[in-house]
Every structure is written in structure tokens, then in C-alpha cells.
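# What the coordinates show
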Amino acid sequence: MSGTVYLVGAGPGAVDLLTLRAARLLGEADIVFHDALVDAETLALAPRAEKIAVGKRCGKHSTAQRFISKRLVDAAKKHRVVVRLKGGDPMLFGRAQEEIAALGAAGIRYEVVPGVTAALAAAAELSVSLTRRGLSRSVVFATPRIGERESLSSWVNAVRSADTAALYMAAGDAEAVKRELIAAGVSPETPVALAENVSLPGARVEAGVLDELPELAQRRGGGPALVLLGEVWRELAQKIGVSPELLAQTA
Ligand SMILES: C[S@@+](CC[C@H](N)C(=O)[O-])C[C@H]1O[C@@H](n2cnc3c(N)ncnc32)[C@H](O)[C@@H]1O
């Protein structure tokens, strides 16, 4: 008899943004494999569990990912409740599908528990709705990050055709993000916000226009950050942005 592996969303960081189901499973867990982004307070909810940090902060190597999947399978053969705790929601940029495939192939029972993804937590924290009547009817979650042996994705087209975009794992490549979007026809004056450490004590936000993205990104600290684009960010950019004059001109 093997145990069950729960792929659990840890939310953006603040422990009280966990779901009740996630908190219950952490309390029952025998072993927890967690991402580096998962907060210590969240891990404290699993007092009886052995805790194992796995993976890098952003995007893991395929070999490292295979190793994590194997460890989950092995753990399920020894323990009743195995929790794989992932930042935000497991099904968004969380490599969940590889783990689901490995567990399925090994005949291990699994369940996915959703979490609050960083973009939705950012929208809440900044009081900016990602959709808005007359302004935004579509939202895209995208990343410019390309894995090894992956072909170029269409993230630029996806961003171009959506009213609002949330870019994950993009702040470190702000210069290239700006260049590629502008080359694809996105206006350099598109409002942007950069939200760092959303829901955590070190939370901060910068806002301005796409043309200024590299400067905004340079000012961030070392925490995880989202790049948010689209008209819905205009008011925030006007309020706190570095170039209110430029935004006023384009309003
Ligand atoms: C590997 S992805 C994981 C995303 C996660 N599954 C989710 O749903 O939020 C990591 C990226 O998520 C974003 N991120 C995660 N937590 C964040 C936070 N608290 N504040 C801002 N961005 C965050 C950053 O863009 C970071 O580079």
C-alpha cells in the first residue's frame, strides 16, 4: 500500500493566504517537499513532517525535475501523506505536469490542491482589478523564460493580444522583455507595474511605462517579482510611477 502525494499550492507567501485544505494537509503530512519560495511560517504548519527543500527558485533543470519526481514516488512508498508544496498555484509555471506524469506512471495516488497565484495576489494587494468593464476583457499569464531544448514560445503574441498581462519570471530579463514587446508592436508607453514580494513583509511596487521597465526592475530587491502590463495599471502608474508626465501625455 502506498500513500498519497498532494501537490499543494502554497500561495504567494503570506501564510493566511493558504487554503484550509492546504493547511489541513500540512498538519497531517509525514514529509513535505517544498520550493525555495515557500515561507518558513507556512512550513511551520507541518510540525510532524520531515521537510525537504527541492529545486531552484525559478525554473528547474529537467534532470533536477526528474529527481524530484522520483523522490515523490519513493516517499509515497514509505509514507501515508506526502506533500509537494509549491509557490502560488501548482498548475501555473509550477512543473506540476511532470510530477503528475511520474506519479501516474508509478501508480501512486495523487491530488492537486490549488493555491492563490502571484498575479491574483498582486491584483488584490494593489487594488487593481485585472479585468475592467470597457478596458480589459482578457488576461494572460505568460513567461518569457524558455526551458532547455524548448522552442521559442509565443509569449510575445499572447501578451500583445491580451488586454492585461502578468509575466512570471520576467523581472530579471526586463531589458529583453521590453525589447521583444516593443519590436512586436506593443507601445513603449503601455503602463507597467512591477510587484515584488507580494503578500510578504518586504512587498514593494514600482510602476511606469514599458519603456522604463529595465530601470524599474533595477530598483527591485532580491525577492520574486511580477511584471504586469496593460491599461488597468495606468492609474497606479500615474499615482506612483516614475514618469507621471509621460503617462499624462498618453492618457
Ligand atoms: C516558478 S514561478 C512559480 C509561480 C507560482 N506557481 C504561482 O502560481 O505564483 C516563480 C515566479 O512567480 C512569481 N512570484 C511568485 N511569488 C511571488 C510573490 N510573492 N511576489 C511576486 N511575484 C511572485 C515571480 O514572477 C517568480 O519569478
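The paragraphs below set out a description of the structure included in this document.

Calculation criteria
Residues numbered from 1 in each chain as written. Predicted model: local features only at pLDDT ≥ 70, side-chain atom pairs only at ≥ 80, totals over all residues. Heavy atoms only, no water. Helix = DSSP H or I, 4+ residues; strand = E, 2+ residues; numbered from the N terminus. Buried < 20%, exposed > 50% of the residue type's maximum accessible area, 1.4 Å probe, protein only. Contact = heavy atoms within 4.5 Å. Areas by Shrake-Rupley, 256 points an atom, 1.4 Å probe, with all protein chains shown as cover. Patch = residues over 30% accessible without salt bridge, like charges linked within 9 Å, V, L, I, M, F, W, Y side chains within 5 Å. Salt bridge = Lys/Arg side-chain N within 4 Å of Asp/Glu carboxyl O. Pairing = 2+ DSSP bridges. Axes fitted to C-alpha atoms, helices over the stretch in contact; angles between N-to-C directions. 1 Å grid on protein atoms, 1.4 Å probe; cavity = no way out; pocket = protein on both sides within 12 Å on 5 of 7 lines; lining within 4 Å. Points joined across faces, edges and corners; volume = space filled by probe spheres on them. Nonpolar A, V, L, I, M, F, W, Y, C, P; charged D, E, K, R; others polar. Arc of directions from axis to C-beta.

## Re the overall build of the protein chain
A tally of helices and strands in the protein chain yields 10 helices and 10 strands. Within the protein chain, the proportion of its 251 residues that are buried is 47%. Of the contacts formed within the protein chain by residues at least 6 apart in sequence, a portion of 69% connects residues at least 24 apart. Counting only carbon and sulfur atoms, one obtains 53% of the accessible surface of the protein chain, whose full area is about 12,100 Å².

## Some points on a nonpolar patch on the surface
On the surface, F93, L120, V139 and F141 cluster together into a nonpolar patch covering about 310 Å² of accessible area. Locating V139 in the fold gives a position in strand β6 (residues 139–142). A relative accessible area of 32% places V139 in the partly exposed class.

## Side note on the sheet that holds strand β7 (residues 164–167)
With respect to topology, five strands assemble into an open sheet ordered β6-β7-β10-β8-β9, the strand pairing being mixed. Single-partner strands in this sheet number two, and they are β6 and β9 (204–209). Within this sheet the neighbouring strands show an average axis-to-axis angle of 15°, counted without direction. Sheet topology note: the β7/strand β10 (residues 225–230) ladder contains four bridges and is antiparallel. Considered in β10, the bridge of A165 is made with L229. In this fold helix α5 (residues 118–126) packs onto β6, β7, β8 (191–196), β9 and β10, with an angle of close to 70° to the strand it touches most, β10.

## Points about the pattern of salt bridges
Taken as a whole and assessed by the stated rule, the structure comprises 13 salt bridges. Where E231 meets R234, a salt bridge forms, and the shortest distance between an N and an O atom there is 2.7 Å. One salt-bridge network, held together by shared partners, links D35, R84, K86 and E99.

## Side note on the layout of surface pockets
Put simply, the second largest pocket is a space of about 190 Å³. In terms of lining residues, the second largest pocket is bounded by 13 residues, among which V159, A162, D163, T190 and G230 are the most central. Of the residues that constitute the lining of the second largest pocket, the class distribution is six nonpolar, four polar and three charged.

## As for the sheet that holds strand β4 (residues 81–86)
Read from one edge of the open sheet, five strands run β3-β2-β4-β1-β5, paired in parallel fashion. At either margin of the open sheet sits one strand with a lone partner, and together these are β3 (50–53) and β5 (109–113). Along the sheet, successive strands turn relative to each other by an average axial angle of 20°, direction set aside. Of the strand pairs in this sheet, strand β2 (residues 31–34) and β4 are connected by four bridges, and their pairing is parallel.

## Regarding the side chain of T190
With respect to the helices and strands, T190 occurs in the loop between α7 (174–183) and β8. Assessed through its relative accessible area of 15%, T190 is described here as buried. Setting aside anything within four residues of it in sequence, one finds T190 in contact with G208, V209, L210, L229 and G230.

## A closer look at helix α1 (residues 20–28)
What α1 keeps buried is the set A22, L25 and L26. Relative to the axis of α1, the buried residues are bounded by an arc of 105° and lie together on one face. Looking at the buried residues of α1, the elements they touch are β1 (4–9), β2, α2 (40–43), β4 and β5.

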